[in-house]
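Summary of the model geometry
Spelled out, the chains give:
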Amino acid sequence: SPLGGLMCAQAVLGLLVWSLIAATTYHLHAAYGWVMFVSLFFWILTLLFLVTYVLQLHQKFYMVPWPLLLMICNAVATVLYLTAFVTCAAAVQPTSWRQWDYNRRAAAS
């Protein structure tokens, strides 16, 4: 379904972001801690929603308004991913002495 395709794309892109940041020395810069939190949190949440829909658990828990819950989750994710993007992009230093960190951080943003 289109929803499943979008969830898979969101999971792949979220995995890409947090794996690129995790491959650097992000613990030395506080800004990248926020990026790691946002990307890892929403990656796990997306996987949980994807498993819920693949196993059709959303039909068993019919009392939960799933479309509204997904809309709110995606709206919050959009805002927090935008703040993480700005934080990540502002913290990239092109004159970094570790060229591979620069490439990964730039690609993550």
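What counts and what doesn't
- Residues numbered from 1 in each chain as written.
- Predicted model: local features only at pLDDT ≥ 70, side-chain atom pairs only at ≥ 80, totals over all residues.
- Heavy atoms only, no water.
- Phe/Tyr/Trp six-rings, centres within 6.5 Å; stacked < 30°, edge-to-face > 60°.
- Helix = DSSP H or I, 4+ residues; strand = E, 2+ residues; numbered from the N terminus.
- Buried < 20%, exposed > 50% of the residue type's maximum accessible area, 1.4 Å probe, protein only.
- Contact = heavy atoms within 4.5 Å.
- Expected span 1.5 Å × (residues − 1).
- UniProt positions renumbered as here; feature names shortened; annotations may be inferred.
- Arc of directions from axis to C-beta.
- 1 Å grid on protein atoms, 1.4 Å probe; cavity = no way out; pocket = protein on both sides within 12 Å on 5 of 7 lines; lining within 4 Å.
- Points joined across faces, edges and corners; volume = space filled by probe spheres on them.
- Nonpolar A, V, L, I, M, F, W, Y, C, P; charged D, E, K, R; others polar.
- Domains from an automatic or database assignment.

Under the criterion given, the structure shown has seven aromatic pairs. Plain terms: the ring middles of F41 and F42 are 5.1 Å apart, the flat faces sit at 80° to each other, and that makes the pair edge-to-face. Relative to Y81, the ring of F42 has its centre 6.1 Å away and its plane inclined at 40°; by these criteria the two rings are tilted. With F42 in helix α2 (residues 30–54) and Y81 in helix α4 (residues 66–91), this pair connects stretches of sequence that are 39 residues apart. Here the aromatic residues W34, F37, F41, F42 and Y81 are joined through ring pairs into a cluster of three or more.

Within the secondary structure, Y53 sits in helix α2. In this structure Y53 comes out as buried when scored by relative accessible area, which is 18%. In this structure the C-alpha to C-alpha distance between Y53 and G4, which are 49 residues apart in sequence, comes to 7.8 Å. Filtering out sequence-adjacent residues up to four positions away, Y53 remains in contact with L3, M7, H58, W66 and L70.

With that settled, consider α4. Counted at 1.5 Å a residue, the expected span for α4 with its 26 residues is 38 Å, and the 36 Å between its end C-alpha atoms agrees. Residues of α4 that are buried include every one of W66, L70, C73, A77, A84, C88 and A91, and no others.

Our focus in this paragraph is the environment of C73. Within the secondary structure, C73 sits in helix α4. Separated by 28 residues in sequence, C73 and L45 have C-alpha atoms that sit 8.9 Å apart. When near neighbours in sequence (up to four residues on either side) are disregarded, C73 contacts F42, L45 and F49.

This part is about the UniProt feature "transmembrane region" (unreviewed entry) in the protein. When the UniProt feature table is mapped to this numbering, "transmembrane region" (unreviewed entry) covers residues 32–55 and 67–92. Its end C-alpha atoms 34 Å apart, residues 32–55 is made of 96% helix and 0% strand. This span, residues 67–92, is 96% helix and 0% strand, and a straight line between its end C-alpha atoms measures 37 Å.

As a further point, take helix α1 (residues 2–22). With 21 residues, α1 extends 30 Å between its outermost C-alpha atoms, agreeing within 8% with the 30 Å of an ideal straight helix rising 1.5 Å per residue. Among all positions of α1, only M7, A11, G14, V17 and I21 are buried. Buried residues of α1 fall within an arc of 135° about the axis and therefore sit on the same side. In α1, the exposed positions that point more than 90 degrees away from the buried face belong to P2, V12 and L13.

Glancing now at the layout of surface pockets. Rolling a probe over the atoms, with the probe sized like a water molecule, indicates the empty space that remains. By volume, the second largest pocket is sized at about 160 Å³. Among the elements of the structure, α1, α2 and α4 are those that each provide at least two residues to the lining of the second largest pocket. In terms of residues, the lining of the second largest pocket owes the most to one element, α1, which gives four residues. For the lining of the second largest pocket, the class distribution of residues is six nonpolar, three polar and no charged. Residue assignment places the lining of the second largest pocket across two domains, with domain 1 (1–62) and domain 2 (64–108) each supplying three or more.

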